[in-house]
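# Structural overview for review
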Amino acid sequence: MHKILILSTKNPGKLREFKSYFKDTDYIIKSMDEVFKDHYDIEETGASFEENAILKALFYSKISDYPVIGEDSGLSVESLNGFPGVYSARIGKTDEERNRIILDKLKNKKGEERKACFITVIALAFKGKTIKTFKGKVCGYITEKPTGENGFGYDPLFYYKPLKKTFAQIEPEIKNLYSHRGRAIKKMVKYLNLNKNIIL
Ligand code: IMP
């Protein structure tokens, strides 16, 4: 029988990647919409990815019988002192606008000055308690212009050297092999497999 894990996110891109990752496993990812009839806005008041991931996971774990995953992630551009970081979702109204802001800020920057990393923290909570957090990171370079149609957010700007493609030019299954999110999920699955009794 499949074990249900709830993903506390409103981001359809993240949901797609989580569902894709767990496709052939003993776990099944359900979004909040599939489980709860009421929706709540969880304010991301934390100062770090970890604090926000825990906020998201704990909230729904208090009103659910299933384990809940909270995820907070973002882009960190080294030459911009980590900008946009925890504000990644909030520097503009749309993905296009946010991408434009990053490209404008890097207008005169070349080579290593365009280095950027995606960072994520996943928090796993059960019945109002944080069980554990898992981190994932992947680094690449910001392109000169958006390239590719897949993915979401900053993916069209994120050139991943080993694949010679942006994250928007690859399928979710491939992205999961290399991405910050895929790496953190892998750690979580390993933990769950070793600690099966924890979410019974
Ligand atoms: P969150 O929902 O507060 O965690 O916002 C994360 C934001 O970071 C997203 O809205 C995207 O803008 C960006 N982001 C996080 N992960 C990715 C990714 O895998 N690809 C592209 N953008 C991402």
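Scope of this entry: the structure provided in the associated data block. (Residues numbered from 1 in each chain as written. Predicted model: local features only at pLDDT ≥ 70, side-chain atom pairs only at ≥ 80, totals over all residues. Heavy atoms only, no water.)

With that out of the way, let us pick up helix H6 (residues 180-194). Compared with an ideal rise of 1.5 Å per residue, which puts 15 residues at 21 Å, H6 spans 22 Å between its outermost C-alpha atoms and is within 8% of the ideal. Every buried residue belonging to H6 is among His180, Arg181, Gly182, Ala184, Ile185, Met188, Val189, Tyr191 and Leu192, and all of these are buried. (Helix = DSSP H or I, 4+ residues; strand = E, 2+ residues; numbered from the N terminus. Expected span 1.5 Å × (residues − 1). Buried < 20%, exposed > 50% of the residue type's maximum accessible area, 1.4 Å probe, protein only.)

Within the largest apolar cluster, 18 residues are counted, with the highest numbers of intra-cluster contacts made by Leu5, Phe18, Phe22, Ile29, Ile69, Ile122 and Met188. With six residues, H6 is the single largest residue contributor to this core. Residues within four places of phenylalanine 18 in sequence aside, it is in contact with Leu7, Ile29, Ile69, Glu71, Ile122, Arg181 and Ile185. Judged by nonpolar contacts, the second largest core, of 17 residues, contains Leu80, Leu106, Ala116 and Phe158. (Core = buried A, V, L, I, M, F, W, Y, C linked by side-chain atoms within 4.5 Å. Contact = heavy atoms within 4.5 Å.)

Right, let's talk about the layout of surface pockets for a bit. There is about 650 Å³ of room inside the largest pocket. In terms of lining, the largest pocket is formed by 30 residues, of which the most central are Asn11, Lys14, Glu44, Lys56 and Ala89. Broken down by secondary-structure element, the contributors of at least two residues to the lining of the largest pocket are helix H3 (49-61), strand S3 (68-77), helix H4 (95-105) and H6. Its residues assigned to classes, the lining of the largest pocket comprises ten nonpolar, eight polar and twelve charged. Forming the walls of the second largest pocket are Asp95, Glu96, Asn99, Pro146, Gly148, Glu149, Asn150, Gly151, Phe152, Gly153 and Pro156. Broken down by class, the residue content of the lining of the second largest pocket amounts to three nonpolar, five polar and three charged. (1 Å grid on protein atoms, 1.4 Å probe; cavity = no way out; pocket = protein on both sides within 12 Å on 5 of 7 lines; lining within 4 Å. Points joined across faces, edges and corners; volume = space filled by probe spheres on them. Nonpolar A, V, L, I, M, F, W, Y, C, P; charged D, E, K, R; others polar.)

A cluster of nonpolar side chains, contributed by Tyr40, Phe59 and Ile63, occupies part of the molecular surface with about 250 Å² of accessible area. Given a relative accessible area of 30%, phenylalanine 59 falls into the partly exposed group. (Patch = residues over 30% accessible without salt bridge, like charges linked within 9 Å, V, L, I, M, F, W, Y side chains within 5 Å. Areas by Shrake-Rupley, 256 points an atom, 1.4 Å probe, with all protein chains shown as cover. Salt bridge = Lys/Arg side-chain N within 4 Å of Asp/Glu carboxyl O.)

Per the stated rule, a full pass over the model turns up 15 salt bridges. Across the pair glutamate 17 and lysine 175 runs a salt bridge whose closest N-O atoms are separated by 2.6 Å. Of the two residues, glutamate 17 sits in helix H1 (residues 12-21) while lysine 175 sits in helix H5 (residues 172-178), which places them 158 residues apart along the sequence. The two residues glutamate 17 and lysine 175 agree in class, both being buried. In this structure, glutamate 50 engages lysine 135 in a salt bridge whose closest nitrogen and oxygen atoms are separated by 4.0 Å. Note that glutamate 50 is positioned in helix H3 and lysine 135 in strand S5 (residues 129-142), a separation of 85 residues in sequence. Under the relative-accessibility criterion, glutamate 50 is labelled partly exposed at 30%. Since its relative accessible area comes to 48%, lysine 135 is described here as partly exposed. Salt bridges here are not isolated pairs; linked through shared partners, they connect Lys14, Glu17, Glu71, Asp155, Lys175 and Arg181.

Here we take up the sheet that holds strand S1 (residues 3-8). With mixed pairing, seven strands are arranged side by side in an open sheet as S2-S1-S3-S4-S5-S6-S7. Two strands bound the open sheet, and with one partner strand each, they are strand S2 (27-31) and strand S7 (165-166). Bridge count between strand S4 (residues 115-126) and S5: twelve bridges; the pairing is antiparallel. Each residue of the ladder has a partner; that of lysine 115, found in S5, is tyrosine 141. Each of S1, S3, S4 and S5 is contacted by H3, which is oriented at about 160° to S3, the strand it contacts most. (Pairing = 2+ DSSP bridges. Axes fitted to C-alpha atoms, helices over the stretch in contact; angles between N-to-C directions.)

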